[in-house]
Amino acid sequence: MIPELGHFALWLAVGVTLALGTVPLVGAQRGRGDWMALARPMSQVLLALITFSFACLVISFVNNDFSVLNVAEHSNSALPMMYRVAASWGSHEGSLVLWLLMQAAWTSAVAVFSRNLPQPMLARILAVMGWLTLTFLLFVLLTSNPFERLFPTPLDGRDLNPQLQDPGMIFHPPMLYMGYVGMSVAFAFAVAALIGGNLDAQWARWSRPWVTVAWAFLTFGIALGSWWAYYELGWGGWWFWDAVENASFMPWLVATALIHSLAVTEKRGSFKAWTVLLALSAYSLSLLGTFLVRSGVITSVHSFASDPARGLFILIMLAITVGVALTLFAWRAPSVGLGARFSSLSRETLLLANNVLLVVATAAVMLGTLYPLILDALNLGKISVGAPYFDAVFVPIMAVLVFFMGVGPLARWKNDELPALAKRLRWAAGVTVVSAALTAWLGGKITLMSVVGLLMAFWVLTSVATEMWERVRPAGGVRASVLNRLGQVPRAVAGMWLAHLGVAVFIFGVTMVGTHDIERDVAMSPGDSTTVNGYTFTYMGAQPVQGPNYQAVRGHLAVTKGGQALTDMYPEKRVYRVQRNPMTEAAIHTRIHGDLYVQMGEVIQGQTWLVRIWVKPFVSWIWAGCLLMGLGGVLAVTDQRYRSRSAAANRVPASSGELAPGQGT
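Described below are features of the structure shown in this document.

## Thoughts on the overall build of the chain
Per the secondary structure count, the chain includes 21 helices and 10 strands. Rg of the C-alpha trace for the chain: 27 Å, near the compact-globule value of 26 Å for 665 residues, within the 12% margin. Viewed in the frame of its principal axes, the chain has a C-alpha envelope of about 80 × 70 × 55 Å. Split into buried and exposed, the 665 residues of the chain put 55% on the buried side. Residue pairs in contact within the chain that sit at least 24 positions apart in sequence constitute 74% of those at least 6 positions apart. Only carbon and sulfur atoms are counted for the fraction: they give 66% of the accessible area of the chain, which is about 27500 Å². Separation of charge centres in the chain, based on 44 positive and 33 negative side chains, amounts to 14 Å.

The structure is reproduced here in structure tokens:
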């Protein structure tokens, strides 16, 4: 009965989304306030229905209802409770219900927290989000029913994929989907503005916090996925340039460009057409990622389904969604003004350069991701595009982008002078060169990539420090303390600093682990020792371990350095009872300056095991940098101008005059 109720709730949601997509939209066109006012309650009803349906799905998993095909294929009575809950979104069908839940949550949040928007604008936004929700509802109900019954009912289920039986499964997909689906808000704001013909600075101000929140979720989601793959898959890497990884990375790159473009549109009234295209592209790339994951065109540990019919449905969704949006854009583009003028050296120019570089980087990633698929589809052969391509193409683009990222926040709006800008950056440049050279020398291994990476990291760090000092240093006879002046910095600016600092930390971590990573394979019997980079690993033996739904052999390695005990590490080799898949659980000892990473391979003879050992300097800085980036976005959203309705409604963009270097970031 519970599955049928969940299925019925989804069909009811179809009716609600049809009403949400039409009644407020027609009301906005006809000036009917009563019709437009229905958008808010309908969005709440939509959230309630999809939440109920999602709860029915979770209950089916928790209760081990193997008469539901989805439960029988992705759960088991021996599966721990927290993984039964996570298994509800571990399948293609269940993950789509989670997507719908996120979509309804974003729609409801816009309805609740956008009361300062003009009623016609809000009605159009919610109507667009209603149509987007409808497309996924139809996709679920027509091709991917999560409540389909199975007869006869099996005695037990086939179990959840062992790779997904990890706490990462609980947090990573919801976080990533919040970012993916959050891009639909930017899309809805852009389409609503195109319909209403009000592509102005107010539109940018209204949509900017929503884009920033979605970007922060996507940042956290990608970082969690990278960390999960690092410790779960046992290969010691943090990014594989897998097609599905790239599918989430591409909308992140475009969303990053969108955030910066919105800043210019809000402050100066420029880039309006470009900003709209970025908003449309960010969500379109999210749909492209959905197609890659669910169509079967790729084989990946991240992919869900291999049904061409589902892939065709998503392609039709993508074509209609993007086609309608681009048609609206072509209709309105001729009436969009160019905005305020600016010189060839200004903050606007540098932000535009960074925008273009981010889009070019996205195109490079898309080419490397789709080109092998296109060749295969045309029967022109199979090729693999991996790290060598992306390192050769992506890294140079990022190097130029990072240089502009350091200069941009210090440049003045509208116009700046090269000698004055260079003078303000001279100390940052000098400290960058000295710090990078010293760090490379102390590391003991100097390569072109390591030098470039260190220059990039220290350049971002010193440029942020330079801008902070310019804002907080006493000036003009004012004797306010540095701490007082720091407290007066807008949260949007502080969030930008924190995010850029995260980029520096991320680049430093990537550079150090890429340059100084050490890997060694050793055959070890009880009592054997091996030394890697000054750490001595002594294999103490292995013993059998019984898990809730698996059997394992757990190794024990004692680690010392300089004769002093450091830690004990316990890697495992597991075999899950139902699917009989062998799984490696790495042992990781994390410290601020690097990880020790140990993986058990195969038994060679008797008690002798093949053991793989890595020493990974500063690898945790990669995820620390991502955390700082996401937190920077969260901090920026709490800025006063987004929390104050009156300020948001009355603020007018500057169109002329000289602005201070950090003003209006």
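So that's the structure; there's more coming.
## Overview of helix α7 (residues 119-143)
Between the first and last C-alpha of α7 there are 36 Å, a value that for 25 residues agrees with the 36 Å anticipated at 1.5 Å per step. In terms of burial, α7 is largely enclosed, as 18 of its 25 residues are buried.

## Points about the environment of A558
When you line up the elements, A558 lands in strand β4 (residues 550-561). Along the primary structure A558 and A411 are separated by 147 residues, whereas in three dimensions their C-alpha atoms are 54 Å apart. The residues touching A558, leaving out its near neighbours within four places in the chain, are T536, F537, T538, M540, T567 and D568.

## Section: empty space enclosed by the protein
Scanning the model with the defined rule gives 1 cavity of 30 Å³ or more in all. Estimated volume of the largest cavity: approximately 40 Å³. Secondary structure elements with two or more residues in the lining of the largest cavity: α14 (387-407), α16 (448-472) and α18 (491-516). Taken together, the residues of the lining of the largest cavity break down into 6 nonpolar, 3 polar and 1 charged.

## Things to note about the pattern of salt bridges
Counted under the stated rule, the structure contains 16 salt bridges. Close ionic contact of E4 with R149 constitutes a salt bridge, the shortest N to O distance being 2.9 Å. On the criterion of sequence distance, the pair formed by E4 in helix α1 (residues 2-30) and R149 in the loop between α7 and α8 (168-196) is long-range, its members being 145 residues apart. With relative accessibility at 37%, the residue E4 sits in the partly exposed group. R574 is paired through a salt bridge with E585; the nearest N and O atoms lie 3.9 Å apart.

## A short note on the packing of helix α3 (residues 39-62) against helix α6 (residues 92-113)
Two quantities define a packed helix pair, namely the angle between the axes and the distance from one axis to the other. Axis separation between α3 and α6 bottoms out at 9 Å; the angle between their running directions is 155°. What the angle tells us is that α3 and α6 run roughly antiparallel. Regarding α3 and α6, the two cross each other, and that crossing is left-handed. On the side of α3, the interface is formed by R40, S43, Q44, L46, L47, I50, T51, F54 and L57, while α6 contributes G94, V97, L98, L100, L101, A104, A105, T107, S108, A111 and V112.

## A few points about the pairing of strand β3 (residues 535-546)
The pairing of strand β2 (residues 529-532) with β3 spans 4 bridges and is classified as antiparallel. For S529, the partnering residue across the bridge sits in β3 and is T538. Where β2 hands over to β3, the hairpin turn is made up of 2 residues, of which N533 adopts a positive phi near 55°. Strand direction decides the pairing type here: β3 and β4, joined by 11 bridges, are antiparallel. Of the residues in β4, the one forming a bridge with Q543 is R554. Remark: 3 residues form the turn of the hairpin made by β3 and β4, two consecutive strands paired antiparallel.

## Some words on the nonpolar core
Judged by nonpolar contacts, the single largest core of 166 residues is most densely connected at M121, I125, F136, F189 and W203. A total of 18 residues in this core trace back to one element, the largest contributor, which is α8. Filtering out sequence-adjacent residues up to four positions away, F189 remains in contact with L117, M121, I125, W203, W206, S207 and W210. Counting 17 residues, the second largest nonpolar core, distinct from the first, contains Y535, V559, L596 and V615.

## Re the sheet that holds strand β9 (residues 594-605)
If you trace the 4 strands from one edge of the open sheet to the other, you get β1-β10-β9-β8, paired in antiparallel fashion. Where the open sheet ends on each side, the last strands, each with one partner, are β1 (518-524) and β8 (587-591). On average, adjacent strands in this sheet sit at an angle of 15° to one another, irrespective of strand direction. As paired strands, β1 and strand β10 (residues 608-617) are joined by 7 bridges and run antiparallel to one another. Within β10, the position partnered with D521 by the bridge is R612. Against the sheet, helix α9 (residues 201-232) makes contact with β8, β9 and β10, and its axis sits at roughly 40° relative to β9, the strand it touches most. Contacts between α18 and the sheet are confined to β1 and β10, with β10 contributing the most and set at about 135° to the helix.

## Some thoughts on the environment of M600
Along the polypeptide, M600 turns up in strand β9. Sequence spacing of M600 and E572 is 28 residues, and the spatial spacing of their C-alpha atoms is 6.6 Å. What M600 contacts, discounting residues up to four positions off in sequence, is Y539, V553, R554, G555, P571, E572, K573, T584, W609 and L610.

## Quick notes on a nonpolar patch on the surface
Taken together, L312, L315, I316, I320 and V324 make up a surface patch of nonpolar side chains, about 450 Å² in accessible area. Following the sequence through the fold, I320 ends up in helix α12 (residues 308-332).

## So, unusual backbone geometry
The peptide bond linking F151 to P152 adopts the cis configuration, its omega dihedral lying at -5°. Looking at the element boundaries, P152 is found in the loop between α7 and α8. One non-glycine residue, W241, adopts positive backbone phi at about 55°. As for its placement among the helices and strands, W241 is situated in the loop between α9 and α10 (243-268). With phi around 60°, F618 is a residue other than glycine that occupies positive phi space.

## Thoughts on the side chain of S43
Along the polypeptide, S43 turns up in helix α3. In this structure S43 touches T107, S108 and A111, once residues within four positions along its chain are discounted.

## Thoughts on the packing of aromatic side chains
All told, the structure shown has 30 aromatic pairs when counted by the stated rule. Cluster of aromatic residues (ring-pair linked, three or more members): W215, W239, W241, F249, W252, Y389, F390 and F394. Its guanidinium or amino end placed over the ring of W331, R332 lies 4.0 Å from that ring's centre, counting from NZ or CZ.

## As for the packing of α6 against α8
Viewed as axis vectors pointing N to C, α6 and α8 meet at an angle of 50°, and their least axial separation amounts to 9 Å. Regarding the angle of α6 to α8, the classification is oblique. Considering the relative orientation of α6 and α8, their crossing is right-handed. On α8, the residues touching S95, L98, W99, M102, Q103, W106 and V110 of α6 are P173, P174, Y177, M178, Y180, V181, G182, S184 and V185.

Calculation rules
Each chain carries its own residue numbering, running from 1 in the written order of its sequence. Totals for whole chains, interfaces and linings use every residue, but because this is a predicted model, local features are given only for residues with pLDDT of at least 70 and side-chain atom pairs only at 80 or more, for both listing and counting. With hydrogens and water set aside, each side-chain value is computed from the structure's full complement of heavy atoms. For helices the rule is a DSSP run of H or I covering at least 4 residues; for strands it is a run of E covering at least 2, with both sets numbered from the N terminus onward. The quantity called the radius of gyration is restricted to C-alpha atoms. Its globule counterpart is 2.2 Å times the number of residues to the power 0.38. When accessible area is computed with a 1.4 Å probe and restricted to protein chains, residues below 20% of their type maximum are described as buried, those above 50% as exposed, and intermediate ones as partly exposed. Whether two residues touch is decided by their heavy atoms; if any such pair falls within 4.5 Å, the residues are in contact. We get accessible surface area from the Shrake-Rupley algorithm with a probe of 1.4 Å; when it comes to residues, only the shown protein chains can shield them. We count Lys and Arg on the positive side and Asp and Glu on the negative side, and we leave His and both chain ends out. Taken as the charge location is NZ of Lys, CZ of Arg, CG of Asp or CD of Glu. One fewer than the residue count of a helix, multiplied by 1.5 Å, yields its expected span. The definitions used throughout rest on a 1 Å grid laid over the protein atoms alone, on which a cavity is an enclosed set of points accommodating a 1.4 Å probe that cannot get out and a pocket is an open set flanked by protein within 12 Å on both sides along at least five of seven lines; lining residues are those having an atom within 4 Å of a point. Grid points are joined across faces, edges and corners, and a volume is the space filled by probe spheres set on the points. When residues are grouped by polarity, Ala, Val, Leu, Ile, Met, Phe, Trp, Tyr, Cys and Pro land in nonpolar, Asp, Glu, Lys and Arg in charged, and all others, Gly among them, in polar. When a carboxyl oxygen of Asp or Glu is within 4 Å of a side-chain nitrogen of Lys or Arg, the pair counts as a salt bridge. Lines fitted to the C-alpha atoms define the axes, with helices restricted to the stretch that makes contact. Angles between their N-to-C directions range from 0 to 180 degrees. Any angle that is under 35 degrees is reported as roughly parallel, and any over 145 degrees as roughly antiparallel; angles of 65 to 115 degrees are reported as roughly perpendicular and all others as oblique. By convention, the crossing between two helices is left-handed when the near helix turns anticlockwise from the far helix through less than a right angle, and right-handed when the turn is clockwise. Following DSSP output, two strands are said to pair if at least two bridges run between them. Here the nonpolar core consists of buried residues drawn from Ala, Val, Leu, Ile, Met, Phe, Trp, Tyr and Cys, with membership extended through side-chain atoms lying within 4.5 Å. Here, patches come from residues exposed beyond 30% relative accessible area and free of salt bridges, joined within 9 Å for like charges and within 5 Å for nonpolar side chains (Val, Leu, Ile, Met, Phe, Trp, Tyr). Each aromatic pair joins two rings of Phe, Tyr and Trp (for Trp, the six-membered one) with centres within 6.5 Å, and gets the label stacked for planes under 30 degrees apart, edge-to-face for over 60, and tilted for any other angle. Charges are assigned to positions over rings by a cutoff of 6 Å between ring centre and Lys NZ or Arg CZ, combined with an angular limit of 35 degrees from the ring normal.

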